[in-house]
Amino acid sequence: MTRRVGVVLFPGSNCEHDVVRAIAGIGGQAEIVWHGATTVDGFDAVVLPGGFAHGDYLRAGALARFAPVMGAVADFAASGGPVVGICNGFQVLTEAGLLPGALQKNAHLRFLCVPAALRVDSTGSVLTRNVAVGTELVLPINHFVGRFVCDDATLAELVADERVVLRYLDNPNGSVDDIAGICNRTGNVVGLMPHPERAADALVGGVDGVPLLASLLDIAAAAA
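Describing the pattern of salt bridges
Taken as a whole and assessed by the stated rule, the structure comprises nine salt bridges. Where Glu-157 meets Arg-163, a salt bridge forms, and the shortest distance between an N and an O atom there is 2.9 Å. Taking the relative accessible area as the measure of exposure, Glu-157 reaches 31% and is therefore partly exposed. Looking at Arg-163, the relative accessible area reads 5%, which means it is buried. Two residues, Arg-167 and Asp-177, come together in a salt bridge whose shortest N-O distance is 2.6 Å. On the criterion of sequence distance, the pair formed by Arg-167 in strand S9 (residues 164-168) and Asp-177 in the loop between S9 and strand S10 (179-183) is long-range, its members being 10 residues apart. For Arg-167, a relative accessible area of 14% puts it in the buried group. For Asp-177, a relative accessible area of 32% puts it in the partly exposed group. Several salt bridges share partner residues, and in doing so they unite Arg-119, Asp-121, Arg-167 and Asp-177 into one network.

If you want it as structure tokens, here you go:
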């Protein structure tokens, strides 16, 4: 069965074609979805890619949350559909209230574009369901606003419910509790700052992102 993944394109997104190529490379079918769309019907999963939606004006992701497509994405998520936000997509998900916490400027106020060592800390999400806890991965990060923050009660809940799906081994941006990615209570909505789609081809530096994307496709196939 072909798994159809919708990749939302906002004005200023710049990683949508990376996601399309990575999904196609592991047997899925990915298609661009314009931010003005009012439905994501027909898709088995949705990805919000990296970039600078609406130029990051006001605050990263703050304008994108009002795009017509986000109502459809929220409905899709509420019905159990797999939704993944990568980098800027993670920011959009927090601004839209689909994930808790917020992303703020990196510690030391430096833009980061480096490989990051990570550890899988939960299999309770659509992105990590098929990846063993403790698995170490190296994925690129590419952000200035990537420091995950939340209040103490939210952090305690995320930890207790095993909703921290990825942690940095050497925290590059000051994120609380080394958090690199989280999921919602049901595990079908995931946000992460590292880019698995940029680690999906050995010719461009590695394939550590493939297990994560393959897990998403497996869940999408089951949902379909």
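Still more ground to cover, so stick around.
Considering a nonpolar patch on the surface
Taken together, the side chains of Tyr-57, Leu-58 and Leu-63 define a hydrophobic patch exposed on the protein surface, amounting to about 370 Å² of accessible area. The residue Leu-58 is located in the loop between strand S3 (45-48) and helix H2 (68-78) in this model. Relative accessible area serves as the criterion here: at 72%, Leu-58 is assigned to the exposed category.

Calculation criteria
Residues numbered from 1 in each chain as written. Predicted model: local features only at pLDDT ≥ 70, side-chain atom pairs only at ≥ 80, totals over all residues. Heavy atoms only, no water. Salt bridge = Lys/Arg side-chain N within 4 Å of Asp/Glu carboxyl O. Buried < 20%, exposed > 50% of the residue type's maximum accessible area, 1.4 Å probe, protein only. Helix = DSSP H or I, 4+ residues; strand = E, 2+ residues; numbered from the N terminus. Patch = residues over 30% accessible without salt bridge, like charges linked within 9 Å, V, L, I, M, F, W, Y side chains within 5 Å. Areas by Shrake-Rupley, 256 points an atom, 1.4 Å probe, with all protein chains shown as cover.

Remember that the coordinates give geometry; whether it matters functionally is a separate question.
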